[in-house]
Amino acid sequence: MTESAIKIEGLHFSYGKKQVLKGVDLEVPKGSIFGFLGRNGTGKTTTIKTLLGLQKPRAGRCIIGGLDSFTQTLEVRRRIGFMAEDQQMYGWMTISRIIKWVAGFYANWDYKFADELADRLGLPKNTKVKALSKGQNSSLALLLALGHRPDIVILDDPTLGLDPIARKDFLRHVIDLLQSNGVTVFFSSHLLYEIEPVADHIAILDKGVIIKASKTEQLRESIRKFVLAPKPEANFKGLAGILDVLKVGDNVSITVEDCNEEKRGKLKGMSANSMTEVALNLDEIFEAYVIGNRGRELSV
Amino acid sequence: MRVSGIIHQQICQLKWHLLACLGLIMVLPVEEAIVNLKEGDGFFTTAMTSLAVMFSPLLTGLIACANVQGDLNEKRYIFWRSKPADVKLLITLKFFTGLVASLLIIACPVVFAILSNIIWNGEGIDIFVPLPITIAIMTYSLCFACNVVVRKTARAWLIGMLTGCFLLVLPFMLPLNLRDFVSDIMFLKFGFYLTIILVAPAAAFIFALYAAKHDWHLRTNLKSLLWIGAGLAFILLMLFSSQVANIKVLHEKEIETSFGRNTLDYAGSRAVFQGYSYVDIDKNSISLNNISGGPEFGIDDNLTSRVEGYYVRRYPNSGRLYKNVGDDIYSFAIHAYYHTEGKGPSLKRFYEKVYLRSYKHTDKSWMPVCELDISDCLTDNINSIRLAMRMIDNRLIAIVNDSYVVVDTTDPGELKLIDKKKLDALKKYIRLTYMDRQKEFAIPLVPVEEIGLEERIKLSIDLNYWYYGFRNEINESSIVDVHDGKFSFFIVDFDDIVRFDVTRWDDEKVYCKFSTLRPFTILESVTGHFYDDKFVKNGKFYCYDDHTLMVFDVRSNSRIRKLGHFVRMDYDIEDMAVLDDGNILLCVRWNPEFLTRSDEQKKYLYLLKNPE
């Protein structure tokens, strides 16, 4: 059994009467790059804040590196690196000053490594934080999250607000820096194409619950879209695992999860002529899970 | 967590705010010093330093808000909270760094004032700083805590100040019988007050720690901000009214307008208005009853000079000295006659005759019944004359320049001269200055053998202080209080009310020493300036100027405690009388600046509740 770097069990959280997390269960394997997907406002940041012990959940618990987030908060924060979405730092500090300031919180801060990172990320040390571009600001936040060489890194929508080039540049750095060191990366984003090339595990959060969690490759393999012209007597309702059904002219496009030979056979039997099978990218898979009609509007 | 790094960060974060506050707090003292320098007095500051220190609680509130505002922006909050920071230690460091910086800033004008005075005047000055500083610590802590929760500088500052004001006013709202901010708080209940002021910051600090740790966040909006503003204004008004006008008006009676100053005097235990009406009080209601259906306009009508070219000056200048004998009522006056030579600045008055007269009230008017010629009391008869008079039992002591006469008034219709003397002692008087607060001084004891020692001492002190005063009313009041056999007297200076105690006396002098003072608050300084009229009665010191009456409890040997304050800004207080039950009769004239005709003025008699 794979050891977990992060384990979330039955997490419930509310802002007043508004219930944001409705029982999140999640396990992040050690050494993985874990993509945490969800639309804006589905509870990604809330999950991460709760994970970091910044807010107390109504129910459930979070274990990071074997430590409880709420009872061993400081120890957890010593062992992880965190980068928030659109992170704001002290604008009046210079880069070297803020590195020194953040280093003060960690007994194991690696100054040499931080210097190397600064060089690699192209951060001018004597520049004030407020003078940095958005890309440089993200790089600095990354440096400050990694300077103490954490085992687990949590990135909450780190590329928010960056232009496409800066985003790619930033992700390249993240992969370079983290993948080779066996660090567990918990990467939250709503930009799927950003996660797709790097994440080896995926979880999709929707309306406060995890609706899918799996290895990225497994997910790609198990989700298929079939385009067919249905026979008049065809009845899709009996088919398990339908994520989305779309009628396009005389044809029907059906997205199915946990696709296997049995499901393929059933669908072929309902088709009046040939059937096309399409492999989906992560973006399409996400769309099928989050906004797919699950066959509810099926009137074929 | 590196403590020095946090402190350094905090100082850097606050530096511009600190400099701005330093500029604000120093601007008045420096400006005063520059003005002094321009006037050739030297580069030093005095009064403005106190004012600057008084405003320090507002500035420390701002520093407190700036102190954590930089860390509490939601995104920045996540940034540092996600680090392994011990929130309590971090907030503690920030709190105390800001607090120490605030106190250093408050210290700057004080140090500047002391040093500049040492350099230019040879000695430092006393600046009263403990209370403003403790209040500053309180406002700092409250604003700090508020900003941790509210996370918006202006709103947090307002809420903090509102809470601070509420805590400052709170003791006055509790059943603690607190009336006087200066006396009750500074001298009597300072420990209690200090406890509130110190417990509040401690509580606020602990609250801030928990609020930061648990990320408590109070979301405010413009509407709540307006409510806070209204609440602040309301509480400040409460404080203002409790400190400025807290003597209750029991009854107000408009009276017929007449020329001249209205007067209230005593005839036995009854008050007499304008010399023709008794003022009777029934169930807190004023009624005027003419004295035996007598003349409409008192005895003023009798004061015209009977010899052409001569003028008359009467004592008492306003009001009367009355005496009841059975059902009859008598009044006494000194009339000094003079003629003038020259005009304008070179005009000279030549006093030639002085009479002591008694009048009896008849059904129709005041009729002269007896006259004593005391013109031989005049020595230097040019220009000035000093008159005073007091009735002690049946003895009437009249002072004319450097002489006094003692007259038996057992039968006011037949005045009997008992004694008449010229005294060098009456030539001397002591004008009390600040220097007299430093050392013992002596007042000549008037050697009037016909009255008891206590009255002699009182008369001597009253004569010394009142003799040259314009409103010489020792005929009806005294500034001397006698309590448990100890004599003390009270004067009103520009900034304070001062108490002097009589320490001893011998055959020639009464020795006095400064005892204590009660400084005026800013509000009191705003509403009143020159308290020419002042007296002590039944252990209370009354003083009033045009718009303001203040009453102080002077029964304690150690402090002067204000009991009440009555202000009418568009009114002139013309005279007052204290009734036997302690209630106050006040004679006022409504005379706002916009009135152009005197017949538009209105006059009122107020019955005020006894301030206790």
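Definitions and cut-offs
- Residues numbered from 1 in each chain as written.
- Chains lettered and ligands numbered in written order.
- Predicted model: local features only at pLDDT ≥ 70, side-chain atom pairs only at ≥ 80, totals over all residues.
- Pairing = 2+ DSSP bridges.
- Helix = DSSP H or I, 4+ residues; strand = E, 2+ residues; numbered from the N terminus.
- Axes fitted to C-alpha atoms, helices over the stretch in contact; angles between N-to-C directions.
- Core = buried A, V, L, I, M, F, W, Y, C linked by C-beta atoms within 7 Å.
- Buried ≥ 20, exposed ≤ 12 C-beta atoms within 10 Å, placed from the backbone.
- Left-handed = near helix turned anticlockwise from the far one by under 90°.
- Contact = placed C-beta atoms within 7 Å.
- Nonpolar A, V, L, I, M, F, W, Y, C, P; charged D, E, K, R; others polar.
- Parallel < 35°, antiparallel > 145°, perpendicular 65-115°, else oblique.
- pLDDT = per-residue confidence, 0-100.
- Arc of directions from axis to C-beta.

Q: Lay out the sheet that holds strand β11 (residues 224-228) of chain A in plain terms, naming residues and giving numbers.
A: Hydrogen bonds between backbone atoms are what pair the strands of a sheet, whose relative direction is either parallel or antiparallel. Residue and element names in this part refer to chain A. Taken together, the 4 strands give an open sheet; going across it, the order is β12-β13-β11-β14, and neighbouring strands pair in antiparallel fashion. At either margin of the open sheet sits one strand with a lone partner, and together these are β12 (242-248) and β14 (276-279). Here the average twist between neighbouring strands, direction ignored, is 20 degrees. Here 6 bridges tie β12 to strand β13 (residues 251-256), and the two strands are oriented antiparallel to one another. When the sheet's bridge partners are listed, isoleucine 242 is paired in β13 with valine 256.

Q: Lay out the nonpolar core in plain terms, naming residues and giving numbers.
A: Soluble globular proteins: nonpolar side chains tend toward being buried together. Ile334, Ala398, Met576, Leu585 and Leu586 of chain B are the most contacted members of the largest nonpolar core, which totals 91 residues. Top contributing element to this core by residue count: strand β8 (residues 328-341) of chain B, with 7 residues. In terms of nonpolar packing, the next biggest core, distinct from the first, is built from 83 residues, Ile33, Ala103, Leu146 and Val153 of chain A among them.

Q: Go over the environment of tryptophan 16 of chain B, please, and point to the residues and values.
A: Residue and element names in this part refer to chain B. Note on placement: tryptophan 16 falls in helix α1 (residues 3-38). Given 11 C-beta atoms within 10 Å, tryptophan 16 falls into the exposed group. Note: C-alpha distance between tryptophan 16 and alanine 66 (50 residues apart in sequence) is 9.9 Å.

Q: An account of the packing of helix α5 (residues 87-121) of chain B against helix α6 (residues 130-150) of chain B is needed here, citing residue identities and associated values.
A: Residue and element names in this part refer to chain B. Two numbers describe how α5 lies on α6: the axes approach to 11 Å, and their chain directions differ by 145 degrees. Pair α5 / α6 crosses with right-handed handedness. In this structure, α5 contributes Phe95, Leu99, Ser102 and Ile106 to the contact, and α6 contributes Ile133, Ala136, Ile137, Tyr140 and Phe144. Residue composition of the contact of α5 with α6, by class: 8 nonpolar, 1 polar and no charged.

Q: Run through the sheet that holds strand β16 (residues 480-483) of chain B, naming residues and quoting values.
A: Residues and elements named next belong to chain B. Judged by pairing direction, the sheet is antiparallel, and its 5 strands sit side by side in the order β15-β19-β18-β17-β16 without closing on themselves. In this open sheet, the two strands that pair with only one neighbour each are β15 (441-444) and β16. Strand-to-strand twist in this sheet, taken as the mean axis angle between neighbours without regard to direction, amounts to 35 degrees.

Q: Please provide a residue-by-residue account of the pairing of strand β1 (residues 4-15) of chain A, values included.
A: Residues and elements named next belong to chain A. Looking at chain direction, β1 and strand β2 (residues 18-29) are connected through 9 bridges and run antiparallel. Residue pairing across strands places serine 14 opposite glutamine 19, the latter belonging to β2. By the bridge criterion, 5 bridges tie β1 to strand β4 (residues 59-64) in an arrangement that is antiparallel. Along β4, the bridge assignment pairs glutamate 9 with arginine 61.

Q: Provide a residue-level description of unusual backbone geometry, including the pertinent values.
A: Backbone torsion omega between tyrosine 315 of chain B and proline 316 of chain B reads 0 degrees, so that peptide bond is classified as cis. Positive phi, close to 50 degrees, is recorded for aspartate 258 of chain A, a residue that is not glycine.

Q: Describe the interface of chain B and chain A, with residues and values.
A: Between chain B and chain A, the contact holds 18 residues from the first and 20 residues from the second. For the side of chain B that touches chain A, the secondary structure elements donating two or more residues are α1 and α4 (74-81) of chain B. Here the element with the most residues in the side of chain B that touches chain A is α4 of chain B; it accounts for 5 residues. Classifying every residue of the side of chain B that touches chain A by side-chain character gives 6 nonpolar, 5 polar and 7 charged.

Q: So what's going on with the packing of helix α3 (residues 56-72) of chain B against α5 of chain B? Which residues, and what values?
A: Residues and elements named next belong to chain B. Contact geometry for α3 and α5: axes closest at 10 Å, N-to-C directions at 150 degrees. In this view, α3 runs roughly antiparallel relative to α5, as classed from their interaxial angle. Like other packed secondary-structure pairs, α3 and α5 cross with a definite hand, here right-handed. Counting all contacts with α3, which are made through Ser56, Thr60, Ile63, Ala64, Asn67 and Val68, the residues of α5 involved are Lys94, Gly98, Ala101, Ser102 and Ile106. Of the residues assigned to the contact of α3 with α5, the class counts are 5 nonpolar, 5 polar and 1 charged.

Q: Outline helix α1 (residues 44-51) of chain A, listing residues and values.
A: All names here are of chain A. Of all 8 residues making up α1, 7 are buried, and the element is well covered by its neighbours. Listed in full, the buried residues belonging to α1 are Lys44, Thr46, Thr47, Ile48, Lys49, Thr50 and Leu51. Where α1 ends, the next residue or the one after it, glycine 53, has phi of about 80 degrees, a positive value.

Q: Go over the confidence of the model for chain B with me, naming the residues and quoting the values.
A: Residue and element names in this part refer to chain B. Of all residues in chain B, 89% attain a pLDDT of 70 or more, and the chain-wide mean is 83. Looking over chain B, one finds the lowest element-wise mean pLDDT in helix α8 (residues 181-188), namely 59, and the highest in strand β13 (residues 403-408), namely 92. Taken together, the stretch residues 294-302 has pLDDT below 50 and engages in 19 contacts with residues farther than four places along the chain or on a different chain. Confidence metrics for the complex model read pTM 0.64 and ipTM 0.83.

Q: So what about helix α2 (residues 47-54) of chain B? Which residues, and what values?
A: Helical geometry: 3.6 residues make up each α-helical turn, so side chains three or four residues apart lie on a common side. Residue and element names in this part refer to chain B. Among all positions of α2, only Thr49, Ser50, Ala52 and Val53 are buried. Angular distribution of buried residues about the axis of α2 spans 160 degrees; they occupy a single face of the element. Structurally, α2 contributes buried residues whose contacts are with α1, α3, α5 and α6.

Q: Kindly report on the pairing of strand β3 (residues 270-273) of chain B, identifying the contributing residues and their values.
A: Put simply, side chains in a regular strand alternate between the two faces of the sheet. All names here are of chain B. Where strand β2 (residues 264-267) lies against β3, 4 bridges are found, and the strand directions are antiparallel. Bridge pairing links tyrosine 266 to alanine 271 in β3. Adjacent in sequence and paired antiparallel, β2 and β3 are bridged by 2 residues, among which glycine 268 carries a positive phi angle near 65 degrees. Bridging between β3 and strand β4 (residues 277-282) involves 3 bridges; their strand directions are antiparallel. Looking at β4, one finds that valine 272 is bridged to tyrosine 278. Where β3 hands over to β4, the hairpin turn is made up of 3 residues, of which glutamine 274 adopts a positive phi near 60 degrees.

Q: Could you give me a rundown of the environment of valine 3 of chain B, with the residues and numbers involved?
A: In this fold, valine 3 of chain B is placed in helix α1. Separated by 86 residues in sequence, valine 3 of chain B and leucine 89 of chain B have C-alpha atoms that sit 8.8 Å apart.

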